[in-house]
Amino acid sequence: MSTQQSIIDHIAEVWLDGDADGLDAQLPLAELNIIDSAEIFDLVHYLQDRFRVAVPLHEVSPANFRTVDAIASLVERLQRERESVR
């Protein structure tokens, strides 16, 4: 399963009663009130557990959590950075 699909499935399950209809990688999550600023931290916890990445506080920004695509890009960048340190 792709990073994007995993995030979409999680958002649908937690905040949309399992209904992922219309939820795609480009949908503006905060603008459509799908998740709010407090729920972003719940999402950060999920990302850290699911993808085994540390999300530094400075990365928790509206730009990084605007869409599923932005969130997936953040996760993939953090994974690459983690691998490059090894």
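Residues numbered from 1 in each chain as written. Predicted model: local features only at pLDDT ≥ 70, side-chain atom pairs only at ≥ 80, totals over all residues. Heavy atoms only, no water.

A. Fine view of the overall build of the protein chain. If you tally the helices and strands in the protein chain, you get three helices and zero strands. For a compact globule of 86 residues, the expected C-alpha radius of gyration is about 12 Å, and the protein chain comes in at 12 Å, within 12% of that figure. Dimensions of the protein chain, computed from C-alpha atoms along their principal axes, come out at roughly 40 × 25 × 20 Å. Across the 86 residues of the protein chain, 40% fall into the buried class. (Helix = DSSP H or I, 4+ residues; strand = E, 2+ residues; numbered from the N terminus. Rg over C-alpha atoms; globule rule 2.2 N^0.38 Å. Buried < 20%, exposed > 50% of the residue type's maximum accessible area, 1.4 Å probe, protein only.)

B. View of the nonpolar core. Residues Ile7, Ile11, Leu23, Leu29, Leu43, Leu47 and Phe65 are the most contacted members of the largest nonpolar core, which totals 26 residues. Those elements that place two or more of their residues in this core are helix H1 (3–15), helix H2 (37–51) and helix H3 (68–85). With residues near it in sequence (within four places) discarded, Ile11 still touches Leu16, Leu23, Leu29, Ile34, Leu43 and Val68. (Core = buried A, V, L, I, M, F, W, Y, C linked by side-chain atoms within 4.5 Å. Contact = heavy atoms within 4.5 Å.)

C. Up close: the pattern of salt bridges. Under the counting rule described, the total for this entry stands at four salt bridges. We note a salt bridge from Glu83 to Arg82, for which the minimum N-O separation is 3.5 Å. Glu83 sits in the partly exposed class, given a relative accessible area of 42%. Arg82 sits in the partly exposed class, given a relative accessible area of 27%. (Salt bridge = Lys/Arg side-chain N within 4 Å of Asp/Glu carboxyl O.)

D. Focus on the confidence of the model for the protein chain. A residue-level look at the protein chain finds 99% of positions with pLDDT of 70 or above and a mean pLDDT of 93. For the protein chain, H3 is the element with the lowest average pLDDT, namely 93, and H1 is the one with the highest, namely 96. (pLDDT = per-residue confidence, 0-100.)

E. Expanded view of the packing of aromatic side chains. Per the stated rule, a full pass over the model turns up one aromatic pair. Relative to Phe51, the ring of Tyr46 lies with its centre 6.2 Å away and its plane at 85°, an arrangement referred to as edge-to-face. The same class applies to Tyr46 and to Phe51, which are both buried. (Phe/Tyr/Trp six-rings, centres within 6.5 Å; stacked < 30°, edge-to-face > 60°.)

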